[in-house]
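So you can see what is in the structure, the chains are spelled out below.
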Amino acid sequence: LRPISASVRLSQDTVIRALCSGSIPPTATTSPTPLPTVSPAMVPTTSSPKSARPSPSPLPSPPSPASGWCYVKNRRGKYLDCHPGRRVHIYDKLNGDQQLWKFSRVRDGYGQIYCKYYGESKALDVIHVRRWFVRHAKLVMRDTDREDEGQLWELQPLGNGAHVLIKSKLTKQVITVPFFFHENDVEVGLYSHYRGRNKHWLVECM
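Note that this is a predicted model, so its numbers are computed, not measured. (Residues numbered from 1 in each chain as written. Predicted model: local features only at pLDDT ≥ 70, side-chain atom pairs only at ≥ 80, totals over all residues. Heavy atoms only, no water.)

Draft legend 1. Representation of the state of the cysteines within the structure. Inspection of every chain in the model, using the stated rule, returns 2 disulfides. The residue that forms a disulfide with Cys-70 is Cys-205, at a sulfur-sulfur distance of 2.1 Å. On the sign convention where negative means left-handed, the S-S torsion of about 80 degrees between Cys-70 and Cys-205 marks this disulfide as right-handed. In this pair, Cys-70 sits in strand E1 (residues 69–74) while Cys-205 sits in strand E12 (residues 201–205), placing the two residues 135 residues apart along the sequence. Judged by relative accessible area, which is 0%, Cys-70 ranks as buried. (Disulfide = S-S within 2.5 Å. Helix = DSSP H or I, 4+ residues; strand = E, 2+ residues; numbered from the N terminus. Buried < 20%, exposed > 50% of the residue type's maximum accessible area, 1.4 Å probe, protein only.)

Encoded structure:
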């Protein structure tokens, strides 16, 4: 043990007198050794900070007009087809160039639509066919003309974020499979924009 200094040692008589009188004379004390200062960084934490909540995955967006060659499929699983010698129709997937389409922006949010079978020399266009005294708008591939409003189209995303409406600048109508037909070779046309799943298209880019 560490020896006590002589200045603080009490004699035996002094101790006896203090005990008999009920008082203890003041004694020298030593200051306690101060505890080391601990910074907050040195104190370990018992709980880890809350991890940031991952943000939800965004809904898929319709492809941009410059996204390349794409399949265009309706909700029945049929694909837009530009088979030569035919008006544009729907058909089962064939993995052929006649079912690959490209959207190329031209102006004011509108663009032309090309079929890979023809390259960019022909663009999707509108013609009017009279049948049973009714004038129908049908779709064909014609020589590219950037000034022709019949060749200008707009992709309008739907609320689900995956499907789009394909709207004609010329007629303000959208590409539709008529009367909900879903057989092969059914020609698509343009009809007014009202609610109907036969107007919804899913664009799958390669």
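Draft legend 2. Main features of the nonpolar core. Formed by 26 residues in total, the largest nonpolar core has its most connected members in Trp-101, Leu-124, Leu-139, Trp-153, Ile-175, Val-188 and Trp-201. In terms of residue count, the dominant contributor to this core is strand E7 (residues 134–143) (3 residues). Here Ile-175 is in contact with Leu-124, Leu-139, Trp-153, Ile-166, Val-188, Gly-189, Leu-190, Asn-198, Lys-199 and Trp-201, once residues within four sequence places are set aside. (Core = buried A, V, L, I, M, F, W, Y, C linked by side-chain atoms within 4.5 Å. Contact = heavy atoms within 4.5 Å.)

Draft legend 3. Highlighting the pairing of strand E4 (residues 101–107). Across 2 bridges, the pairing between E1 and E4 is antiparallel. Pairing of Cys-70 across the sheet is with Trp-101, part of E4. Across 6 bridges, the pairing between E4 and strand E5 (residues 110–115) is antiparallel. Within E5, the position partnered with Arg-105 by the bridge is Gly-111. (Pairing = 2+ DSSP bridges.)

Purely geometric stuff here, so don't read any function into it on its own.
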